[in-house]
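Observations on the model geometry
What follows is the residue order along each chain.
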Amino acid sequence: QVQLVESGGGLVQPGGTLRLSCAASGSIFSILAMGWYRQGPGKQREWVAAVTSAGITNYADSVKGRFTISRDNVKNMVYLHLNTLKPEDTAVYYCYAHSIAAIDYWGQGTQVTVSS
């Protein structure tokens, strides 16, 4: 079992920045990759970014160049740096972990609202 707890969401103006954090605990050794999804109001859940245990990153086209994902394997943390935020980035952001058993674990989500 893996437990994930997100933090760092909030209200920010367009063009602003935020940093989301995800703390992992439990069977950390089983995690292959971690990342983020988001679900905006009235929208389907959308994959945002991921980072493997080797540090390889990948991003959705909609956030490429604006968001940066990073991972601290010592602290068992994953971060998502959100820059140049747009109103369409408003969503609940969910951290996930993909395990070697092909099981996905999810956090409870953190709200990001981009509005003036």
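Please refer to the structure placed before this passage.
Scope of this entry: the structure provided in the associated data block. Just so it is clear, the model here is predicted, and its values are computed rather than measured.

A few words now on the nonpolar core. Counting residues in each nonpolar core, the largest one holds 29 residues, and the members touching the most others are Leu-4, Met-34, Trp-36, Leu-80, Leu-82 and Tyr-93. Of all the secondary-structure elements, those providing two or more residues to this core are strand S1 (2–7), strand S3 (18–26), strand S4 (31–39), strand S5 (46–52), strand S7 (67–72), strand S8 (77–82), strand S9 (91–99) and strand S11 (110–114). Those residues in contact with Leu-82 that sit more than four places away from it in its chain are Gly-16, Thr-17, Leu-18, Leu-20, Arg-66, Phe-67, Tyr-93 and Val-112.

Ordered by their spatial adjacency, four strands build an open sheet running S1-S3-S8-S7, and the pairing between neighbours is antiparallel. If you trace the sheet from one side to the other, it starts and ends with S1 and S7, each paired once. Going from strand to strand, the sheet's axes swing by 15 degrees on average, the running direction of each strand aside. Bridge analysis of S1 against S3 gives six bridges, and the strand direction is antiparallel. Its bridge partner lying in S3, Ser-7 is registered against Ser-21.

Every disulfide links exactly two cysteines, by a covalent bond between their sulfur atoms. Tallying each qualifying case throughout the model produces one disulfide. Between the sulfur of Cys-22 and that of Cys-95 lies a disulfide, 2.0 Å long from S to S. Taking the sign of the S-S torsion, -80 degrees for the link of Cys-22 and Cys-95, the bridge is left-handed. Here Cys-22, found in strand S3, pairs with Cys-95, found in strand S9; they are 73 residues apart in sequence, far enough to count as distant. The class for Cys-95 is buried, based on a relative accessible area of 0%.

So, on to the pairing of S11. The alternating pattern of S11 places Thr-110, Val-112 and Val-114 on a buried face and Gln-111 and Thr-113 on a face that is not buried. Taken together, the three bridges between strand S2 (residues 10–12) and S11 define a ladder with parallel strand orientation. Across the sheet, the residue bridging to Leu-11 is Thr-113, located in S11.

Parameters and conventions
Residues numbered from 1 in each chain as written. Predicted model: local features only at pLDDT ≥ 70, side-chain atom pairs only at ≥ 80, totals over all residues. Heavy atoms only, no water. Core = buried A, V, L, I, M, F, W, Y, C linked by side-chain atoms within 4.5 Å. Buried < 20%, exposed > 50% of the residue type's maximum accessible area, 1.4 Å probe, protein only. Helix = DSSP H or I, 4+ residues; strand = E, 2+ residues; numbered from the N terminus. Contact = heavy atoms within 4.5 Å. Pairing = 2+ DSSP bridges. Axes fitted to C-alpha atoms, helices over the stretch in contact; angles between N-to-C directions. Disulfide = S-S within 2.5 Å.

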